[in-house]
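Geometric and topological summary
Here are the chains, one letter per residue:
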Amino acid sequence: DREAGFTPMFNGKDLTGWEGKPGWWRVEDGTITSESTPEKPCPSAHYLMWRGGKPADFEMRCEYRLFGASANSGVQFRSRELPDWDTSGYQADMEGGDQWTGCLFEHTRGGVSMRGQKVVIDKDGKKQITAIGDPKELLKKVKKQDWNSYRIIARGNEITLEINGTVMCQAIDNQAGVAARDGVIALQMHPGPPMKVQFRNLRIKLLSSPGK
């Protein structure tokens with residue numbers, strides 16, 4: 001059973017175990033939902049924090065759905081929590097557009113590994129990039145305005161992002177002082193034009209670190 005050892009992160013009914021900006025997150029039809037509208041715009045990014053720990057080596061799985069051509073969201077992991085429901089760290093990126101879905105973003109460095117790339121980063125931040133797929137072809141695996149499954153695997157210095165069973169990008173991050181080994185998991189609400197993001201079936205499995 002591929003799901004053996006996974007623990008649910010969301011009970012499907014309420015936001016028990018999560019904490020975010022008041023008035024912005026709700027449970028709708030068994031999904032964690034956030035939405036901006038013309039009447040209620042989102043002025044700055046904020047995050048719904050998972051309070052179940054600050055995992056280091058893990059595999060996380062969830063499903064997400066975005067509404068809006070310019071919609072943008074993401075799953076933060078191994079991140080630092082900042083004031084006003086903000087974070088800094090790795091993000092498994094997703095959007096309504098064509099650039100960022102399936103990319104590994106990080107607040108201090110931007111795109112760490114873009115869709116279709118395997119990136120090895122040395123301790124000084126120098127990147128060695130190998131193509132592992134065509135970004136346009138990989139994007140065809142992603143369903144617009146519909147449910148997609150996201151898989152985040154973080155083990156030691158290696159991170160792999162998968163959408164709908166297809167590897168989107170990989171990173172081996174050795175950059176000194178920047179590459180995080182543990183931290184919070186959080187869901188992003190992004191500023192910009194009206195949009196809606198939903199998450200469901202969030203679950204996590206802790207992994208033993210490499211070499212142990």
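Above this note sits the structure.
Let me begin by describing the structure that accompanies this report. Every chain is numbered independently, its residues counted from 1 as its sequence is written. Since the coordinates come from a predicted model, pLDDT governs what is reported: local features require at least 70, and pairs of side-chain atoms require 80 or more to be given and counted, while whole-chain, interface and lining totals use all residues. Calculation of side-chain values draws on the structure's entire complement of heavy atoms; hydrogens and water are dropped beforehand.

1. Points about unusual backbone geometry
Basically, it comes down to this: Working definition: helices are DSSP H or I runs of at least four residues, strands are E runs of at least two. Numbering for both runs from the N terminus.
Even without a glycine there, the phi angle at Trp85 is positive, about 60°. Along the chain, Trp85 turns up in the loop between strand S7 (72–82) and strand S8 (86–95). We note that Asn201 has phi near 55°; this positive angle belongs to a residue other than glycine. Among the structural elements, Asn201 can be located in strand S17 (residues 195–206).

2. Section: the nonpolar core
In plain terms, the rule: Residues enter a nonpolar core if they are buried and are Ala, Val, Leu, Ile, Met, Phe, Trp, Tyr or Cys, with the set joined through side-chain atoms within 4.5 Å. When accessible area is computed with a 1.4 Å probe and restricted to protein chains, residues below 20% of their type maximum are described as buried, those above 50% as exposed, and intermediate ones as partly exposed. Contact criterion: two residues are considered in contact whenever any of their non-hydrogen atoms come within 4.5 Å of each other.
Of all hydrophobic cores here, the largest spans 45 residues; its most connected members are Met60, Val75, Phe77, Phe199 and Leu202. Ignoring anything within four residues of it in the chain, the contact list for Phe199 reads Phe10, Thr31, Ile32, Cys62, Glu63, Tyr64, Ser73, Gly74, Val75, Met94, Trp147 and Leu187.

3. Some points on the pairing of S17
Regular strands have side chains that alternate between both faces of the sheet. Test applied: One bridge is not enough; two strands pair if DSSP finds at least two bridges between them.
Judged from the two bridges that link them, strand S1 (residues 7–8) and S17 form a sheet pairing that is antiparallel. Across the sheet, the residue bridging to Pro8 is Arg203, located in S17. Inspection of the sheet shows strand S4 (residues 31–36) paired to S17 by five bridges, in the antiparallel sense. Among the inter-strand pairings, Ile32 is bridged to a residue of S17, identified as Phe199.

4. Digging into the pattern of salt bridges
The cut-off we apply is this: The salt bridge definition used is simple: a Lys or Arg side-chain nitrogen within 4 Å of an Asp or Glu carboxyl oxygen.
Summed over the entire model, instances satisfying the criterion amount to 15 salt bridges. For Arg200, the salt bridge is made with Glu63, and the minimal N-O distance between the two is 2.9 Å. With Arg200 in strand S17 and Glu63 in strand S6 (residues 58–67), this pair connects stretches of sequence that are 137 residues apart. Exposure remark for Arg200: the relative accessible area of 27% places this residue in the partly exposed category. Residues joined by salt bridges that share partners form a network here, namely Arg26, Glu28, Glu35 and Lys196.

5. What to know about the pairing of strand S16 (residues 184–189)
Across the six residues of S16, six count as buried, placing the element largely inside the fold. Of the two faces of S16, the one holding Val184, Ala186 and Gln188 and the one holding Ile185, Leu187 and Met189 are both buried throughout. Pairing of strand S5 (residues 46–50) with S16, which is carried by four bridges, proceeds in the antiparallel orientation. The residue bridging His46 from the neighbouring strand is Met189, located in S16. Judged from the three bridges that link them, S7 and S16 form a sheet pairing that is antiparallel. Bridging from a neighbouring strand, Gln76 pairs with Ala186 of S16.

6. Looking at the environment of Met114
Looking at the secondary structure, you find Met114 in the loop between strand S10 (110–113) and strand S11 (117–121). Judged by its relative accessible area of 21%, Met114 is partly exposed. In this structure, the C-alpha to C-alpha distance between Met114 and Pro210, residues 96 residues apart in sequence, is 24 Å. Discounting residues that sit within four places of it in the chain, Met114 has contacts with Gln99, Trp100, Cys103, Met168 and Cys169.

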